Amino acid sequence: MNTTHTVFNVHTAPGYAGTSLALPNISTQSILSVVTFISQMTTQCLSKMAKTLRLFANNTRYSPPPFANSADMYAALDAIQQGDTPWQSFSAKYTGPIPTDSDPPPWMTAEHQIWCRDILTVIRQILANPEFDGEFNYSAYREYVNDERRYSNVMSGNWAWKQSDIIAEDPSTHGSMFVPLILGSDKTTVSVATGHNEYYPLYLSIGNVFNNVRRAHKNALVVVGFLAIPKSERKHTNSAQFRKFRRQLFHTSLATMFQPMRDAMTVPEVTLCPDGHYRWAIYGFGPYIADYPEQTLATCVVQGWCATCLAHRTDLGDGLDHGRRTREHVNALLAAFDPGTLWEDYGIVADVIPFTNDFPRGDINQVMTPDLLHQIIKGAFYDHLVTWVGEYLVLEYGDTEGKKILDEIDRRIAAVPAFAGLRRFPEGRDFKQWTGDDSKALMKVYLLAIAGLLPRDMIHTFSASMEFCYLVRRSFITEQTLHEISGALDRFRHYRKVFEITGVRAEGFSLPRQHSLDHYVQHIRNFGVPNGLCSSITESKHIKAVKEPWRRSNRFEALGQMLITNQRLDKLAAARVDFASHGLLQGTVLSDALQHIELHQQNVKSLDLVWDV
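Remember, predicted model here, so these are calculated numbers, not experimental data.

Glancing now at the overall build of the chain. In terms of helices and strands, the chain carries 23 helices and 13 strands. Looking at the chain as a whole, 48% of its 613 residues are labelled buried. Once local pairs closer than 6 in sequence are excluded, the contacts in the chain between residues at least 24 apart make up 72%. For the chain, the exposed surface amounts to about 29,200 Å²; the carbon and sulfur share of it is 53%.

Moving on: the packing of helix H16 (residues 456-472) against helix H17 (residues 479-495). Where H16 contacts H17, the two axes come as close as 8 Å, and the packing angle between them is 155°. Put simply, H16 runs roughly antiparallel to H17. As H16 packs across H17, the resulting crossing turns out to be left-handed. Counted together, Asp457, His460, Thr461, Ala464, Ser465, Glu467, Phe468, Leu471 and Val472 of H16 and Thr481, Glu484, Ile485, Ala488, Leu489, Arg491, Phe492 and Tyr495 of H17 form the full contact between these two elements. In terms of residue class, the contact of H16 with H17 is built from 9 nonpolar, 4 polar and 4 charged.

What follows is about the pattern of salt bridges. Enumeration over the complete set of coordinates arrives at 20 salt bridges. The partner of lysine 571 in a salt bridge is aspartate 84, with the nearest N and O atoms 3.7 Å apart. Separated by 487 residues along the polypeptide, lysine 571 in helix H22 (residues 558-581) and aspartate 84 in the loop between helix H4 (70-78) and strand S2 (87-94) bring together distant segments of the chain. Classification of aspartate 84 as partly exposed rests on a relative accessible area of 23%.

Before going further, it helps to spend a moment on the packing of aromatic side chains. Inspection of the entire model under this criterion finds 21 aromatic pairs. Ring plane angle 50° and centroid distance 4.8 Å describe the contact between phenylalanine 136 and tyrosine 138, whose orientation is recorded as tilted. Since its relative accessible area comes to 6%, phenylalanine 136 is described here as buried. When the ring of tyrosine 200 is compared with that of phenylalanine 250, the centres are 6.3 Å apart and the planes differ by 25°; the resulting orientation is stacked. Here tyrosine 200 is found in the loop between strand S8 (197-199) and strand S9 (201-206), whereas its partner phenylalanine 250 is found in helix H10 (residues 240-257), with 50 residues between them in sequence. Judged by its relative accessible area of 4%, tyrosine 200 falls in the buried class. For arginine 555, the ring lying beneath its charged end belongs to tryptophan 550, and the centroid distance is 4.2 Å.

The next subject is the sheet that holds strand S13 (residues 477-478). In space, the 3 strands of this open sheet follow the order S4-S5-S13, with antiparallel pairing throughout. Two strands close off the open sheet at either side, each with one partner strand: strand S4 (143-145) and S13. Both strand S5 (residues 148-151) and S13 contribute to a ladder of 2 bridges, which runs antiparallel. The residue bridging arginine 150 from the neighbouring strand is threonine 478, located in S13.

Let us look at the nonpolar core. Ranked by internal contacts, the top residues of the largest apolar core, which has 67 residues, are Ile123, Leu204, Ile206, Phe258, Met261, Tyr283 and Tyr288. The element that contributes the greatest number of residues to this core is H10, accounting for 7 residues. Leu393, Phe462, Ile477 and Phe509 belong to the second largest nonpolar core, which has 55 residues in total.

Our next topic: unusual backbone geometry. The phi dihedral of arginine 555 falls on the positive side, at around 75°, and the residue is not glycine. Examined against the element boundaries, arginine 555 turns out to sit in the loop between helix H21 (535-551) and H22. Positive phi, close to 45°, is recorded for glutamate 557, a residue that is not glycine. Within the secondary structure layout, glutamate 557 lies in the loop between H21 and H22.

For the rest of this paragraph, the subject is the side chain of serine 553. Structurally, the position occupied by serine 553 is in the loop between H21 and H22. Engagement of the side chain of serine 553 in a polar contact is seen with the backbone oxygen of tryptophan 550, the distance being 2.6 Å. Residues in contact with serine 553, not counting those within four places in the same chain, are Ala558 and Gln561.

Most of strand S10 (residues 222-226) sits out of view: 5 of its 5 residues are buried. As defined by bridge partners, strand S3 (residues 111-117) adjoins S10 across 2 bridges and the pair is classed as antiparallel. By the bridge assignment, cysteine 116 is partnered in S10 with glycine 225.

What follows deals with the state of the cysteines. What the rule picks out here adds up to 0 disulfides. Residue cysteine 306 stays outside any disulfide, its sulfur separated by 3.7 Å from that of cysteine 309, the closest cysteine.

A surface patch of nonpolar side chains, amounting to about 380 Å² of accessible area, comprises Val270, Tyr278 and Trp280. Tracing the backbone shows tryptophan 280 in strand S12 (residues 278-289).

This part takes up H22. Taking 1.5 Å per residue, 24 residues should reach 34 Å; H22 reaches 35 Å between its end C-alpha atoms and fits that length. The first or second residue beyond H22 is glycine 583, which carries a positive phi of 70°.

The end-to-end C-alpha distance of helix H7 (residues 158-169), which contains 12 residues, comes to 17 Å, matching closely the 16 Å that a straight helix rising 1.5 Å per residue would cover. What H7 keeps buried is the set Trp159, Ala160, Gln163 and Ile167. Take H7 and look down its axis: the buried residues cluster within an arc of 95°, on one side only. Along H7, exposed side chains directed more than 90 degrees from the buried face belong to Lys162 and Glu169. Looking at the packing, one finds that the buried side of H7 touches strand S6 (177-185), S12 and helix H20 (520-527).

Of note, proline 370 is situated in the loop between helix H13 (339-346) and helix H14 (372-414). Under the relative-accessibility criterion, proline 370 is labelled buried at 4%. As a C-alpha pair, proline 370 and alanine 290 span 80 residues in sequence and 8.6 Å in three-dimensional space. Other than its neighbours up to four places away in sequence, proline 370 contacts Gln375, Tyr520, His523, Pro530 and Leu533.

Further remarks concern the confidence of the model for the chain. Residues with a pLDDT of 70 or more make up 85% of the chain, whose mean pLDDT is 86. Low pLDDT, under 50, characterises residues 38-43; the stretch is placed with 15 contacts to residues that sit more than four places away or in other chains.

Cut-offs applied
- Residues numbered from 1 in each chain as written.
- Predicted model: local features only at pLDDT ≥ 70, side-chain atom pairs only at ≥ 80, totals over all residues.
- Heavy atoms only, no water.
- Helix = DSSP H or I, 4+ residues; strand = E, 2+ residues; numbered from the N terminus.
- Buried < 20%, exposed > 50% of the residue type's maximum accessible area, 1.4 Å probe, protein only.
- Contact = heavy atoms within 4.5 Å.
- Areas by Shrake-Rupley, 256 points an atom, 1.4 Å probe, with all protein chains shown as cover.
- Axes fitted to C-alpha atoms, helices over the stretch in contact; angles between N-to-C directions.
- Parallel < 35°, antiparallel > 145°, perpendicular 65-115°, else oblique.
- Left-handed = near helix turned anticlockwise from the far one by under 90°.
- Nonpolar A, V, L, I, M, F, W, Y, C, P; charged D, E, K, R; others polar.
- Salt bridge = Lys/Arg side-chain N within 4 Å of Asp/Glu carboxyl O.
- Phe/Tyr/Trp six-rings, centres within 6.5 Å; stacked < 30°, edge-to-face > 60°.
- Lys NZ or Arg CZ within 6 Å of the ring centre and 35° of its normal.
- Pairing = 2+ DSSP bridges.
- Core = buried A, V, L, I, M, F, W, Y, C linked by side-chain atoms within 4.5 Å.
- Polar contact = N/O pair within 3.5 Å; in protein donor to acceptor, adjacent residues only side chain to side chain.
- Disulfide = S-S within 2.5 Å.
- Patch = residues over 30% accessible without salt bridge, like charges linked within 9 Å, V, L, I, M, F, W, Y side chains within 5 Å.
- Expected span 1.5 Å × (residues − 1).
- Arc of directions from axis to C-beta.
- pLDDT = per-residue confidence, 0-100.

Next up, the structure:
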């Protein structure tokens, strides 16, 4: 196999670094009064924005409108200094051997462009956000309720505690605040009908903010990069060279983007915190939010193997403890075996080095976190169990009779009456676009729908899996809860054998997503509850960071317009926080107007009293 190389040239992209325009000559009160108006307008098309501004102008009797037109408003947004983190780009190009006997694939000759922000600046802005005051952990902690350990936020886990101990043992970093960097990457499609447009955003958060803050975004989850997606003709898509280049492109891109963080992982820096105080801070790579394919890419593990433990791909269903993957163990294997042996016997991709290996405080194998959405809700429940039910009914009763029973299950699901917290499925579950929210809603009614139609052990399998799911989705988990989670998992493993006995899973249960359930107890002890590190957080962020900016672009070289939109929205959000912290956004536009009317009336009364005297 020829070696694939990547070469990166870093440059700042013209036109996307913001502008230094002066604010228009309008009153401060007017600016503050229309902040909410601006936040709504920045996600609308120009024609709607212009129409709204004209209506605003026509109904403003006593003072001019705050903005003359959309260009005037954009100039005001670009002039905001708070939250200003310009976008930069660097390019990567394949520099390995190129075939001379035929036309080379397009990916070999193309320059692949990666966009990113200055990571250290983004982190400082998150840390300095006063909106997080009271919802921020400045140190790792262990929480006990009635002498029982309780896990919640990232900093409540054993991993943050251990990292803090390492920092405290070093005299040069002793006393520093540990700031874990939480990353998340996931491709998303914005339009299938007009060309299958895909984007590859990279998100960043920090482990110090509470889980509820990260789930609600609140500027605690920021898009910091758009990775390149190399394209190839179908005949080259599965070639070893192309797959290797994609992996190298991913890891080299992340290593380049986070290079400014390298020194800050060993030398403390003074940074402003949400409570207004300054502290020494040390940074390190923390939990990585990703679905299974993204986990294998980030950890350089072969698809079909576990990205967390050393279990062989054929032993993922045995429920045994096979030990954890670590950087030291992987490096020892790389030194001892050839790439073919590593691939076949250990599930290691030997020709790519994980990006965390370039940094002093990070081990990608140790920070892979559970993913409720793809591992349990869409994975073990819907893609596995619900699908297996259909396969069992066809195997047991034949195609015609089996489908009749499936129709009966759909009728039962459709017959569920309207009730608060329950979603109705008027057509049952047989529709094409199936989301994680659909799966969560189906879990609430599916057990009753299959009662009496399936063998008892299958019912128990669903019951145990649902109990496991609802327990791990809690916002607070105690040691007693962990014991209950382990019990539910043991029952699930026991009862799922019915699918093997009936021939639905004759090959066994060596399934990576079901196997991941074995690691949930350890993950919770290490990183706190899973609902603060689920890929549903990054997928919901796609809407504001990728899909809405793409919809408001003109579709021609849309990424550049999307970058500007994200930069303006981040500036506006930072300005809102700054205004609020100075007491400038108290009340509403109406309350402000009423207050001015009341003051005017008081002044008039005072003048009347003076004249009476």
